Amino acid sequence: MGYNIVTKNNVRDRFAPAPRPEIWKDTPDKDWNNWIWQQQKRIKSMDVLEKVVKVDDDERNAFAKSHEMFNMGITPYYASLMDPNDPNCPIRLQSVPKSGELNILPMDLEDPLGEERDMPVPGVTHRYPDRVLFYTTHNCPVYCRHCTRKRKVSDPSSSAANKQLEDGLAYIESHKEIRDVVISGGDPLSNSDDRLEYILSRLRAMDHIQVFRIGTRNLVTLPQRITDSFAQMLSKYHPVFVHTHFNHPKECTQETFDAVARLANAGCVVNNQMVLLKGVNDDAKIVKELNHKLLMMRVRPYYIFQCDMSQGISHFRTPVEKGLEIIENLRGWTSGMAVPHYVIDAPGGGGKIPLLPQYLEKREGKKWHLRNFRNQKFVYEEP
Ligand SMILES: *Cc1c(COP(=O)(O)O)cnc(C)c1O
Ligand code: SF4
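Structural notes, computed from the coordinates. Here the structure is a predicted model, which means the values were calculated and not measured.

**Looking at the overall build of the chain**
Of regular secondary structure, the chain possesses 13 helices and 12 strands. Whereas a compact globule of 383 residues would reach a radius of gyration of roughly 21 Å, the chain reaches 21 Å, a difference of no more than 12%. C-alpha atoms of the chain, sized along the principal axes, occupy 70 × 50 × 50 Å. Buried positions account for 54% of the 383 residues belonging to the chain. A fraction of 76% describes how many contacts in the chain between residues 6 or more apart in sequence connect residues 24 or more apart.

Structural data, given as structure tokens:
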């Protein structure tokens, strides 16, 4: 499977390999490091989960009531990061059902971002002037409990068929204003390398397409998927940006370090889109540690998303002030590279709206009264 170490130095040594729980102690490394094995052995039932962690009543009840609506699926690798004794472990909160999911609030929306509304053809959301979101599958190696696209992710009846793929490519081809394609899903890395290469080669053949991004959580949940041959395939289609989704420093392991190194050494630029989640990462110290680890792996923090108004994820939503507080605690206090944009993806399809702590105190004509991160006051005067 071409899973070799590509960068070996003392930074890599600061990332620990995922521990191997008892039930997989005897699994040969060649299986454990093989993404097909990881994919086949995904945990989909409480019986198997119980062999890895001490399942609590809330998780058991929530699973019984939720799994028909939104499957549970957890790779052995991701499960190995769980704390077996703590149901509030950030890895468990993201992947094991909780009763909070069963709670649908009146303000919750099925399609909070209006992605279906802005669909000129099924599978393409065209909201911004020069770029589109292109759905290529509805499968993911791990089903995130906070997924904003629960309405279709993990539902096999909604998976993108070849006809839909061709219609989407035809739409992109005929719209010359599109220069940036976000290849999304589900997780596009659930497609075979051949299918992905077909998509990339079709897009690269279009003169108006400048860049594309692959939005994938495989780096976090199935880093074994990033094989040398996959990274080499991508390098034929540069510039390729990979947008991933780390939410907690515990997810930064030697396996993820190696997976990012494969992509970065193959010339890909890797960005992170974190979702602000109550109980997981609603704490400036955790986000700072995460972003420092990401930079050591060559991943640039790009967005922090306020948790969407999707159905069944209200237990993850934090006050908006929490996001502002996190930015306030990053800007100036640490590298600007570690400070992402905090955005709310506006309900109803308004797009991403950035929020910043208030650094402008007042404006008097040409005088701008500002404060810095230490709350010291300054005046900038225009000529
Ligand atoms: C997020 C998003 C994009 C990409 O937005 P950027 O701000 O360029 O990263 C494009 N289309 C849709 C529909 C999106 O939701
Ligand atoms: S990987 Fe993305 S699309 Fe898949 S379940 Fe997680 S958040 Fe949803």
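Let's pick the thread back up.
**Examining helix α7 (residues 162–174)**
Helix length check: α7 (13 residues) gives 18 Å between terminal C-alpha atoms against 18 Å at 1.5 Å per residue, within 8%. When we look at burial in α7, the residues that qualify are Q164, L165, G168, L169, Y171 and I172. Down the axis of α7, the buried set is contained in an arc of 155°. They therefore lie on one face. Opposite its buried face, α7 presents the exposed residues N162 and K163, each directed more than 90 degrees away. Looking at the buried residues of α7, the elements they touch are β1 (124–128), β2 (131–135), β3 (180–184) and α8 (193–204).

**Topic: the site of ligand 1**
With respect to spatial proximity, the complete set of residues near ligand 1 consists of T125, R127, Y128, R131, L133, R213, Y302, Y303 and K352. Y302 places a polar side-chain atom, nitrogen or oxygen, 2.6 Å from an oxygen atom of ligand 1. The side chain of K352 places a nitrogen or oxygen atom 3.0 Å from an oxygen atom of ligand 1. For ligand 1, whose accessible area on its own is 390 Å², the fraction buried by protein is 89%. Judged by its atoms lying within 2 Å of the grid points, ligand 1 is housed in the largest pocket. Counting only elements with at least two residues in the shell around ligand 1, the list comes to β1, β2 and β7 (299–305). A total of 3 residues in the shell around ligand 1 trace back to one element, the largest contributor, which is β1.

**Concerning helix α12 (residues 284–296)**
In a regular helix each residue adds 1.5 Å, so 13 residues correspond to 18 Å; α12 covers 18 Å between its end C-alpha atoms and thus fits that length. Elements in contact with the buried residues of α12: β6 (269–275), β7 and α13 (320–330). Looking one or two residues past α12, R298 carries a phi angle of roughly 75°, positive in sign.

**Quick notes on the sheet that holds strand β10 (residues 360–364)**
Here we have 3 strands laid out as an open sheet, ordered β10-β11-β12, and antiparallel in their pairing. Each edge of the open sheet carries a strand with a single partner, namely β10 and β12 (377–381). Neighbour-to-neighbour, the strand axes of this sheet turn through a mean angle of 20°, independent of strand direction. The pairing of strand β11 (residues 367–371) with β12 spans 5 bridges and is antiparallel. Looking at the pairing, R371 lines up with K377 of β12.

**Concerning unusual backbone geometry**
Following G185, the chain continues into G186 via a peptide bond in cis, with omega recorded as 20°. Along the chain, G186 turns up in the loop between β3 and α8. A cis geometry characterises the amide bond from H238 onward to P239, with omega recorded as 0°. Within the secondary structure, P239 sits in the loop between α10 (228–234) and β5 (240–244). With phi around 75°, R298 is a residue other than glycine that occupies positive phi space. Summarising the element assignment, R298 is placed in the loop between α12 and β7.

**Re the site of ligand 2**
The environment of ligand 2 is formed by C140, V142, Y143, C144, C147, V153, G186, R217 and H245. The cavity that encloses ligand 2 is the largest pocket.

**Comments concerning the sheet that holds β6**
Read from one edge of the open sheet, 9 strands run β1-β2-β3-β4-β5-β6-β7-β8-β9, paired in mixed fashion. Two strands close off the open sheet at either side, each with one partner strand: β1 and β9 (351–354). Sheet twist, expressed as the mean angle between neighbouring strand axes with direction ignored, is 30°. Packing against the sheet, α12 makes contact with β6 and β7, and its axis sits at approximately 145° to β7.

**Re the pairing of β3**
β3 sits mainly inside the fold: 5 of its 5 residues count as buried. Along β3, one buried face is formed by D180, V182 and S184 and the opposite face, lined by V181 and I183, is buried too. Here 5 bridges tie β2 to β3, and the two strands are oriented parallel to one another. Each bridged residue has a counterpart across the sheet, and for F134 the counterpart in β3 is I183. In the sheet, β3 pairs with strand β4 (residues 211–215) via 4 bridges, with the strands oriented parallel. Residue pairing in the sheet places I183 in a bridge with I214 of β4. After leaving β3, the chain enters α8 and then returns to the sheet as β4, a path that is right-handed.

**Section: the pattern of salt bridges**
Proximity of charged atoms lets side chains of opposite charge pair with each other. According to the stated counting rule, one finds 29 salt bridges in the structure shown. E101 serves as the salt-bridge partner of K150, at 3.9 Å between the closest nitrogen and oxygen. Placement of K150 in the loop between β2 and α7 and of E101 in the loop between α6 (90–95) and β1 is noted, with a sequence separation of 49 residues between them. Accessibility classification places K150 together with E101 in one group, the buried group. In this structure, K236 engages E197 in a salt bridge whose closest nitrogen and oxygen atoms are separated by 2.7 Å. Linking K236 in the loop between α10 and β5 with E197 in helix α8, this pair joins segments that are 39 residues apart in sequence.

Each value, and the rule that gives it
- Residues numbered from 1 in each chain as written.
- Chains lettered and ligands numbered in written order.
- Predicted model: local features only at pLDDT ≥ 70, side-chain atom pairs only at ≥ 80, totals over all residues.
- Heavy atoms only, no water.
- Helix = DSSP H or I, 4+ residues; strand = E, 2+ residues; numbered from the N terminus.
- Rg over C-alpha atoms; globule rule 2.2 N^0.38 Å.
- Buried < 20%, exposed > 50% of the residue type's maximum accessible area, 1.4 Å probe, protein only.
- Contact = heavy atoms within 4.5 Å.
- Expected span 1.5 Å × (residues − 1).
- Arc of directions from axis to C-beta.
- Near = heavy atom within 4 Å.
- Polar contact = N/O pair within 3.5 Å; in protein donor to acceptor, adjacent residues only side chain to side chain.
- Areas by Shrake-Rupley, 256 points an atom, 1.4 Å probe, with all protein chains shown as cover.
- 1 Å grid on protein atoms, 1.4 Å probe; cavity = no way out; pocket = protein on both sides within 12 Å on 5 of 7 lines; lining within 4 Å.
- Sits in = over half its atoms within 2 Å of the grid points.
- Pairing = 2+ DSSP bridges.
- Axes fitted to C-alpha atoms, helices over the stretch in contact; angles between N-to-C directions.
- Right-handed = clockwise from strand over helix to strand, strands pointing away.
- Salt bridge = Lys/Arg side-chain N within 4 Å of Asp/Glu carboxyl O.

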